[in-house]
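Coordinates in review
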Amino acid sequence: MKIETPVLVVGGGPVGLALALELGWRGVECLLVDELEREGYKTHPRANLVNSRTMEFCRRWGIAERVKEVGTPRDYPHTAMYVTSLRGHLIARIDRPQHGGDKAIAFTPEPPQRCNQIWFDPVLRERAEGFPSVTLHYRWRLDSFTQDEKSVTSSVTDAATGESHTIRSAYLAACCGGRSPIRRILGIDRNEGEALGTPVSIYFRARNLWDYHDKGKGVLHFIVGPTGVWATLNSLNGGDLWRVTLHGGAKEHAAPESIDHKDVLTRIVGTEFPYELIAISPWVRRKLVTADYRHARVFLAGDCAHQNTPTGGYGMNTGIGDAVDLGWKLAAALSGWAGPKLLDSYDAERRPVALRNVDEATRNFQLRSFAPIPDLVGATPAGEAARKRLGEEIAKSTSRELLSDGIAMGYRYDGSPIVCPDGSEPPALSVTEYVQSSFPGARAPHALLADGRSTLDLFGRAYVMLRLGPDAPEVTPLEKAAQLRGVPLEIAAIDEPTVCSAYERTLVLVRPDGHVAWRGEVLPADSSRITAQVTGGL
Ligand SMILES: Cc1cc2nc3c(=O)[nH]c(=O)nc-3n(C[C@H](O)[C@H](O)[C@H](O)COP(=O)(O)OP(=O)(O)OC[C@H]3O[C@@H](n4cnc5c(N)ncnc54)[C@H](O)[C@@H]3O)c2cc1C
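First, a word on what this report is: a plain description of the structure on this page. (Residues numbered from 1 in each chain as written. Predicted model: local features only at pLDDT ≥ 70, side-chain atom pairs only at ≥ 80, totals over all residues. Heavy atoms only, no water.)

Digging into the side chain of Asp322
For Asp322, the location among the structural elements is in helix 8 (residues 315–335). A polar contact is formed between the side chain of Asp322 and the backbone nitrogen of Gly302, at a distance of 3.0 Å. There is a polar contact of 2.8 Å between the side chain of Asp322 and the side chain of Arg350. Non-local contacts of Asp322, meaning those with residues more than four positions away in its chain, are made with Tyr293, Ala301, Gly302, His306, Tyr346 and Arg350. (Helix = DSSP H or I, 4+ residues; strand = E, 2+ residues; numbered from the N terminus. Polar contact = N/O pair within 3.5 Å; in protein donor to acceptor, adjacent residues only side chain to side chain. Contact = heavy atoms within 4.5 Å.)

Points about the environment of Thr318
Mapped onto the elements of the fold, Thr318 is located in helix 8. Sequence spacing of Thr318 and Ile407 is 89 residues, and the spatial spacing of their C-alpha atoms is 9.4 Å. Other than its neighbours up to four places away in sequence, Thr318 contacts His306, Arg350, Val353, Ala354 and Asn357.

Structural notes on the pattern of salt bridges
Tallied over the entire structure, the rule returns 39 salt bridges. Here Arg66 makes a salt bridge to Glu69, at a shortest N to O gap of 2.7 Å. With Arg66 and Glu69 both in helix 3 (residues 64–70) and three residues apart, this pair spans about one turn of that helix. For Arg66, a relative accessible area of 35% puts it in the partly exposed group. For Glu69, a relative accessible area of 58% puts it in the exposed group. As a salt-bridge pair, Arg412 and Asp414 come within 2.9 Å of each other at their nearest N and O atoms. (Salt bridge = Lys/Arg side-chain N within 4 Å of Asp/Glu carboxyl O. Buried < 20%, exposed > 50% of the residue type's maximum accessible area, 1.4 Å probe, protein only.)

Some words on the pairing of strand 12 (residues 200–205)
In terms of burial, strand 12 is a largely internal element, five of the six residues being buried. When strand 12 meets strand 16 (residues 276–282), the two strands line up antiparallel, connected through six bridges. When the sheet's bridge partners are listed, Ser201 is paired in strand 16 with Ser281. (Pairing = 2+ DSSP bridges.)

Focus: empty space enclosed by the protein
Under the criterion given, the structure shown has four cavities of 30 Å³ or more. The volume enclosed by the largest cavity comes to roughly 130 Å³. Lining the largest cavity are 18 residues, with Asn51, His99, Ser404, Asp405 and Ala408 sitting closest to its centre. Considered as a void within the structure, the second largest cavity measures approximately 100 Å³ in volume. If you trace the second largest cavity, you find 14 residues lining it, with Asn51, Asn317, Thr318, Ala408 and Tyr411 closest to the centre. Only helix 2 (52–61), helix 8, helix 9 (345–366) and helix 11 (405–409) provide two or more residues apiece to the lining of the second largest cavity. (1 Å grid on protein atoms, 1.4 Å probe; cavity = no way out; pocket = protein on both sides within 12 Å on 5 of 7 lines; lining within 4 Å. Points joined across faces, edges and corners; volume = space filled by probe spheres on them.)

Examining the sheet that holds strand 23 (residues 507–510)
One open sheet accounts for four strands, arranged 22-21-23-24; its pairing is mixed. Only two strands of the sheet have a single partner each, and these edge strands are strand 22 (489–494) and strand 24 (516–520). This sheet shows a mean twist of 15 degrees between the axes of neighbouring strands, independent of strand direction. Where strand 21 (residues 463–468) lies against strand 23, four bridges are found, and the strand directions are antiparallel. Bridge assignment links Arg467 to a residue of strand 23, and that residue is Leu507. Lying on the sheet, helix 12 (residues 476–485) is in contact with strand 21, strand 22 and strand 23; it crosses strand 22 at an angle near 160 degrees. (Axes fitted to C-alpha atoms, helices over the stretch in contact; angles between N-to-C directions.)

Considering the packing of helix 1 (residues 14–25) against helix 8
Taken N-terminus to C-terminus, the directions of helix 1 and helix 8 make an angle of 30 degrees; their axes are 8 Å apart at the nearest point. As judged from the angle between their axes, helix 1 and helix 8 are roughly parallel. Here the hand of the crossing between helix 1 and helix 8 comes out right-handed. Contact residues: Pro14, Val15, Ala18, Leu19, Glu22 and Leu23 in helix 1; Met316, Gly319, Ile320, Ala323, Val324, Leu326, Gly327, Trp328 and Leu330 in helix 8. (Parallel < 35°, antiparallel > 145°, perpendicular 65-115°, else oblique. Left-handed = near helix turned anticlockwise from the far one by under 90°.)

Thoughts on the environment of Ile63
In this structure, Ile63 sits in the loop between helix 2 and helix 3. Judged by relative accessible area, Ile63 falls into the buried class, the value being 5%. In the structure, Ile63 is positioned 63 residues away from Glu126 in sequence and 9.7 Å away in space, judged by C-alpha atoms. Setting aside anything within four residues of it in sequence, one finds Ile63 in contact with Leu21, Cys58, Val123, Leu124 and Arg127.

Focus on the nonpolar core
Grouped together as the largest cluster of nonpolar side chains are 73 residues, with contacts concentrated most on Trp61, Phe120, Leu172 and Ile182. For this core, the leading source of residues is helix 1, giving eight residues. Once you skip the residues sitting within four places of it in the chain, Ile182 turns out to touch Val10, Leu142, Phe145, Leu172, Ala174, Cys176 and Val298. Listed in part, the 38 residues of the second largest apolar core include Leu209, Trp210, Phe273 and Leu402. (Core = buried A, V, L, I, M, F, W, Y, C linked by side-chain atoms within 4.5 Å.)

Notes on the packing of aromatic side chains
Applying the stated rule across the entire model yields 15 aromatic pairs. Each ring, one from Phe273 and one from Tyr275, has its centre 5.5 Å from the other, and the planes form 45 degrees; the classification is tilted. For Tyr275, a relative accessible area of 22% puts it in the partly exposed group. Members of the aromatic cluster, joined through ring pairs, are Tyr171, Tyr293, Phe299 and Tyr346. For Arg267, the ring lying beneath its charged end belongs to Trp230, and the centroid distance is 4.6 Å. (Phe/Tyr/Trp six-rings, centres within 6.5 Å; stacked < 30°, edge-to-face > 60°. Lys NZ or Arg CZ within 6 Å of the ring centre and 35° of its normal.)

Following this line, the structure appears as structure tokens:
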């Protein structure tokens, strides 16, 4: 069979699904293939944390409420604790009332939500396949591809029938994860990054586990020994499903089957308890950012482009950010209004975000080990003092892994060729703190509108020029310049003090992905330069 599609998406993990969804939401035709019939990693539950930025994208796609429904219940605490065992000594406890729950957060309408990929990926899939322009084919494996100036020609095998298909597309999005065949075909697989460890996940079911200890409910339990955190216990659903990550993992155990899971789980809780083992899975903790996200008509996204240790919960969220950035740009290129540099800006904008997040995740991982503290687990005054010292240290430095709003929300596209700098001083970047700003390249601020919507609800389909305050000038020259290039532009006049103060300027131009493209008090003499630059035409 010969198939033609504007965009071939290879990989139906969360990133490929998010890209298909973003394209479908924009009415762009695409075909997604995945070699497996898989939904949400049923035997190896991976990502739990859907951060606020990803939840904001879900809000735009109309699935935020669904993710909340299938995720961890809102009243389950997002508490993290460091303990010698769950019945042992408490070293540090970090409550995160701003995660989950119903407490409003000033800078976002969408708090972070825990929703494991077991349930999150199917929500993405269901929404993506609801768009008439999106086709998903599972058990279709990409074997090879070639590209020329006009298109990419891919060879795909249908595992169910053994049939081969040729797919011709304008673009190919490689969302095929860490073991990507596309990196190999492109000849860029020599850099496999750095392996930071070989952990093992133990996935099990246990009802009311919190009844077997005195530390209360939590989502993350770091089990600490004299030389560092040796295991992490994660709640997957705020109920009966749990995953332990054994940090030493595969290095210490010749084969996963040889792991005495009963002994490990008893040591973690501090007592025996009834449980049902579901699966044991070894995996590799990697640090990798590929050198180029764009290879002519082929674009790398998600784990195919970058991999980090899950310490912090950045991998999937960073990948979904890639999908959103790439999605509107591919839509623009296919609609004919993209300038020649728009697609190049994907690498310029997203690669620096991955470099920052991968480094931060590695730093978090390195803090899991420390110089030996022999007294740590003892019920002695020396042990007490050692735990107090360590607890203080954790509160100071390690907790930044757990409170990383600056990573989730604060990334900016400084230096992007499609962002117009305004000469002002860039606000400081922080890992933990996120301060909203309309600085060019930043995520446009959230503020509540008088009608109860968020300013974020104004963005997505087109560029939006916000005219803020009672005296905001007309922007007719910009409208004409956009019309001339066929660029979708909407104008929103808002005279509400909280919105005006959040946006800092009288005119702010926001891109379809919700990032600020330009800001000022008045339009420059030649507005066409703005439209040219923000669409990659300068
Ligand atoms: C234990 C653990 C915990 C984690 N926790 C978090 C967290 O809390 N938050 C977070 O953000 N991230 C977390 N991550 C990372 C997250 O799981 C990954 O970043 C994410 O799954 C990557 O998504 P992806 O779509 O890029 O790739 P993948 O999920 O790997 O999907 C790639 C898809 O491509 C398909 N494919 C591969 N080759 C082909 C081919 N030749 N033809 C067709 N299809 C192909 C595969 O079948 C697969 O379905 C965690 C990871 C682990 C291991």
